[in-house]
Structure formats: C-alpha cells, structure tokens
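The primary structure of each chain is shown beneath.
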Amino acid sequence: MRKIIRKVFWAWDQDKEEEWLNRMAANGLSLISVGFISYEFEETLPGEYKIRKQFMEHFRSHPETEKYIRFLEETGIQHVGTYTFHNYFRKKTSDGEFELISDLNSRIKNLTILWRVLTIGNIPVLLNCCNMFNMFIMLRHPIFLIYYLLCLTMGVLIAIGSIKIWKARKKLKEEQQIYD
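Values in this document were obtained by computation on a predicted structure and should not be read as measured data.

## As for a nonpolar patch on the surface
Working step 1: A cluster of nonpolar side chains, Val8, Trp10, Phe36, Ile37, Tyr83, Leu145, Leu149, Leu152, Val156, Leu157 and Ile160, forms an exposed patch at the surface whose accessible area comes to about 920 Å².
Working step 2: Considering every element that reaches the nonpolar patch, the biggest residue donor is helix α4 (residues 142-179), with 6 residues.
Working step 3: Structurally, Trp10 can be placed in the loop between β1 (2-6) and α1 (14-26).
Working step 4: A relative accessible area of 40% means that Trp10 is categorised as partly exposed.

## A word on the sheet that holds strand β4 (residues 49-55)
Working step 1: With respect to topology, 3 strands assemble into an open sheet ordered β4-β6-β5, the strand pairing being antiparallel. The open sheet terminates on both sides in strands that have one partner only, identified here as β4 and β5 (78-83). Across the sheet, the mean angle separating the axes of adjacent strands is 20° when strand polarity is ignored.
Working step 2: Against the sheet, α1 touches β4 and β6 (86-92), its axis set at about 160° to β4.

Conventions used here
Residues numbered from 1 in each chain as written. Predicted model: local features only at pLDDT ≥ 70, side-chain atom pairs only at ≥ 80, totals over all residues. Heavy atoms only, no water. Patch = residues over 30% accessible without salt bridge, like charges linked within 9 Å, V, L, I, M, F, W, Y side chains within 5 Å. Areas by Shrake-Rupley, 256 points an atom, 1.4 Å probe, with all protein chains shown as cover. Salt bridge = Lys/Arg side-chain N within 4 Å of Asp/Glu carboxyl O. Helix = DSSP H or I, 4+ residues; strand = E, 2+ residues; numbered from the N terminus. Buried < 20%, exposed > 50% of the residue type's maximum accessible area, 1.4 Å probe, protein only. Pairing = 2+ DSSP bridges. Axes fitted to C-alpha atoms, helices over the stretch in contact; angles between N-to-C directions. Contact = heavy atoms within 4.5 Å.

See the structure below:
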C-alpha cells in the first residue's frame, strides 16, 4: 500500500524532516518519492530502512550530482528522489550504518551551501518587496500593499532561516576548533 502525506518543513529544518522520515520508516512507512510538500511512502517492515537527506550544491541534472548519486547507488544506497537541491536516500538497516554527512567538515560545507543558496535567493525577494512598496506608494492600490506584505513576510522567514543556519554552522566551526 502507498500513502501520500503532505507536510511542510522549512529548508533550515533538515534535521527535523529527517527525524520525521525515520520515525515513519520505524513505523513501517518508508519514503519512495518526494515533491512539493508531498511525501509518498510504501509499507515496509518497521525499521527496515534508514532515510537520509542531503542538500546538494547543484541541481539533480548537474554532472557532479549525477556522479555522486551513482557512487552512492553502487554502495547499496537508494536515491529516493530530489526536490530542488534536496536529495533523499534510503538504505536497508540490515546493511549496516548509514551516514552521508558524518564528519564536521562535510557538515559545515553542507550548511554553508544551504546558507548561501538561501541568502542569495532572498535578494530578489527583498528587491521585489521594495518594488511592491514603491508601487503601493505611487499608485495607492491595495493589491500592491498585499504583495508587499507577502514579500516582506517571505523575506523575513528566509532571513530567520539563514540566521539559524549561520548559527548552526558557527557552532560546528567552534566544535571543529576544539578538535584541531
């Protein structure tokens, strides 16, 4: 049996999303497909699979990403799907431990990539926000105020996420200095 669940996770809540996916797998629903706020599961034995998520620097079609996914598949890891830069993998628990980003350098690099994408991606949102505010001031039409408030809300949420990622990255870098 297949089951589709719609659930929202922010890009900066990777750990929460991965924990939820693994709770689902522990309860016998293993991830087989992802989409926009959409997760498709199939019934499996409880705890049969471990799920991992990795944020990639490039889209799925990029040669580096393709090469990395092929490498993982050669080691027995299944690529479940991709949504934007987010890639989802699963591996049978009976095949042993399953970590994609285990060392501090890789975790820091992953957070750095995510932070850059969010921060750079927020620039057009904030520029559009300024544009909508200017349009509202010039034309006094309420639709521009609504668009302005939506852009502002989205820009603030992305900025908060970027700050959370920056803090998590900073904490890992401090941890790394302890070991160096």
